[in-house]
Amino acid sequence: MFEQSQGYISPNARIGKNVSIGLGTIIYDNVEIGDDSFIGPYCIIGEPSIDYYSNPNFSRKGTYIGNKCIIRSHSVIYNNIKIGNYCSTGHHTLIRENTKIGNNSNIGSFSEIFGSVSIGDFVRIHSRVGIGENSFIEDYVYIFPYVFITNDKYPPHGNLLTCHIKEYAQIFSHAVILPGLTIGKNSIVAAGALVTKDVGDERLVMGNPARDIKSVREIRNEEGQQVYPWKEFLKVYRGYPWQQQNENQ
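It should be emphasised that the depicted structure is a prediction, and the values quoted were computed from it without experimental measurement.

Novice: Outline the overall build of the protein chain, supporting the account with residue identities and numerical values.
Specialist: Secondary structure summary: the protein chain contains one helix and 30 strands in total. Against the globule reference of 18 Å for 249 residues, the protein chain gives a C-alpha radius of gyration of 19 Å, in line with a compact fold. Seen through its C-alpha atoms, the protein chain measures out along the principal axes to roughly 60 × 55 × 20 Å. For the protein chain, buried positions account for 44% of its 249 residues. Considering only residue pairs separated by 6 or more positions, the protein chain has 23% of its internal contacts joining residues 24 or more positions apart. Looking at charge distribution, the protein chain has the averaged site of its 23 positive side-chain charges lying 3 Å from that of its 24 negative ones.

Novice: Let's hear about the pattern of salt bridges: which residues, and what values?
Specialist: On inspection of all chains with the given rule, the structure shows six salt bridges. Close ionic contact of Arg14 with Glu32 constitutes a salt bridge, the shortest N to O distance being 3.2 Å. In this pair, Arg14 sits in strand β2 (residues 14-15) while Glu32 sits in strand β5 (residues 31-33), placing the two residues 18 residues apart along the sequence. For Glu32, a relative accessible area of 28% corresponds to the partly exposed category.

Novice: A description of the sheet that holds strand β8 (residues 63-65) should follow, citing residues and the corresponding values.
Specialist: Strands in a sheet are paired, the pairing made by backbone hydrogen bonds, and the direction either parallel or antiparallel. The strand order across the open sheet formed by nine strands is β2-β5-β8-β11-β14-β17-β20-β23-β26, and the pairing between neighbours is parallel. Either end of the sheet is taken by a strand with one partner, and the two such strands are β2 and β26 (182-183).

Novice: Explain the environment of Asn106 to me, using residue names and the numbers behind them.
Specialist: If you trace the backbone, Asn106 turns up in strand β15 (residues 106-107). Residues Asn106 and Thr150, 44 residues apart in the sequence, show an inter-C-alpha distance of 20 Å. In this view, Asn106 contacts Ser88, Val123, Arg124 and Ile125; residues no more than four positions away in its chain are not counted. Among the polar contacts made by the side chain of Asn106, one reaches the side chain of Ser88 at a distance of 2.5 Å.

Novice: Kindly report on the environment of Leu94, identifying the contributing residues and their values.
Specialist: Looking at where Leu94 falls in the secondary structure, it is placed in strand β13 (residues 94-95). Leu94 sits 18 residues away from Val76 along the chain, and the two C-alpha atoms are 4.9 Å apart.

Novice: Go over the packing of aromatic side chains with me, naming the residues and quoting the values.
Specialist: Taken as a whole and assessed by the stated rule, the structure comprises 16 aromatic pairs. Ring plane angle 5° and centroid distance 5.1 Å describe the contact between Tyr140 and Tyr168, whose orientation is recorded as stacked. Linking Tyr140 in the loop between β20 (136-137) and β21 (142-143) with Tyr168 in the loop between β23 (164-165) and β24 (170-171), this pair joins segments that are 28 residues apart in sequence. The pair formed by Tyr140 and Tyr168 is uniform in burial state, with each residue classed as buried. Each ring, one from Trp230 and one from Trp242, has its centre 6.2 Å from the other, and the planes form 45°; the classification is tilted. Of this pair, Trp230 sits in helix α1 (residues 230-233) while Trp242 is found in the segment after α1, placing the two residues twelve residues apart along the sequence. Relative accessible area serves as the criterion here: at 26%, Trp242 is assigned to the partly exposed category.

Novice: Just give me the short version of the sheet that holds strand β4 (residues 26-27), but keep the residues and values in it.
Specialist: Taken in spatial order, the ten strands make up an open sheet running β1-β4-β7-β10-β13-β16-β19-β22-β25-β28, and their pairing is parallel. Where the open sheet ends on each side, the last strands, each with one partner, are β1 (8-9) and β28 (194-195). Pairing of strand β7 (residues 44-47) with strand β10 (residues 76-78) involves three bridges; the strand directions are parallel. Residue pairing for β10: Glu47 is matched across the bridge by Tyr78.

Novice: Quick one: what's the story with the environment of Thr99, residue by residue and with numbers?
Specialist: Along the chain, Thr99 falls in strand β14 (residues 99-101). Take Thr99: its relative accessible area is 2%, and that puts it in the buried class. Note: C-alpha distance between Thr99 and Ile113 (14 residues apart in sequence) is 8.1 Å. Aside from chain neighbours lying at most four places away, what touches Thr99 is Asn80, Ile81, Lys82, Ile113, Gly115, Ser116 and Val117. A polar side-chain atom of Thr99 sits 3.5 Å from the main-chain amide nitrogen of Ser116.

Thresholds applied
Residues numbered from 1 in each chain as written. Predicted model: local features only at pLDDT ≥ 70, side-chain atom pairs only at ≥ 80, totals over all residues. Heavy atoms only, no water. Helix = DSSP H or I, 4+ residues; strand = E, 2+ residues; numbered from the N terminus. Rg over C-alpha atoms; globule rule 2.2 N^0.38 Å. Buried < 20%, exposed > 50% of the residue type's maximum accessible area, 1.4 Å probe, protein only. Contact = heavy atoms within 4.5 Å. Lys, Arg positive; Asp, Glu negative; His and termini not counted. Charge placed at Lys NZ, Arg CZ, Asp CG, Glu CD. Salt bridge = Lys/Arg side-chain N within 4 Å of Asp/Glu carboxyl O. Pairing = 2+ DSSP bridges. Polar contact = N/O pair within 3.5 Å; in protein donor to acceptor, adjacent residues only side chain to side chain. Phe/Tyr/Trp six-rings, centres within 6.5 Å; stacked < 30°, edge-to-face > 60°.

Read these as spatial facts, not as claims about activity.
Written out as structure tokens, the structure reads:
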């Protein structure tokens, strides 16, 4: 079904079953939207990359949004994007070209994915986050508000480096990751940290510049209980595959 007016849907777009498209949304050529997805008002899907403005022979590459996705109002998703099933964006989210996002991942309001980024499954990127080009983010990573992952060590020379965020890592609010670094599996980057060198697996780093403090396994909550690595101690149901048997608890 369509709830669409004062927008545009290309006749070359492929729209699945039971898709809702909001007021004023523009959907360009070579866009495919999976079944049961929701596209909110005033979104742009399949936005052309910069060469559109100088190349008269520009051809949009495909943009794919999976099944049961929620793209909230004013989001802009460029061409040559693949977004998996059960994904969602907040409002005013920007996802640039050549980006791939896995299943069950979320990108928060006013966040920007700068392009050529790989994001895994069950990744949670909160609001007002900037993810630099070429970043590689594995499954089950948490990135909290106002984090910035950079890519250019000597701007504006444009020698873009890849930041690699390994699975289950958590990067807390207002942290900055400098170009070309690896953040280890199950590691924690504390709020406000400026990370200038690689972070090992299961390590807590904090400060400006960030310093290695201790193993995440040494962190305790107010009751003295171990809480990290978080997968091992998570009690709240959040829909992760290993929690399916506990869905009704």
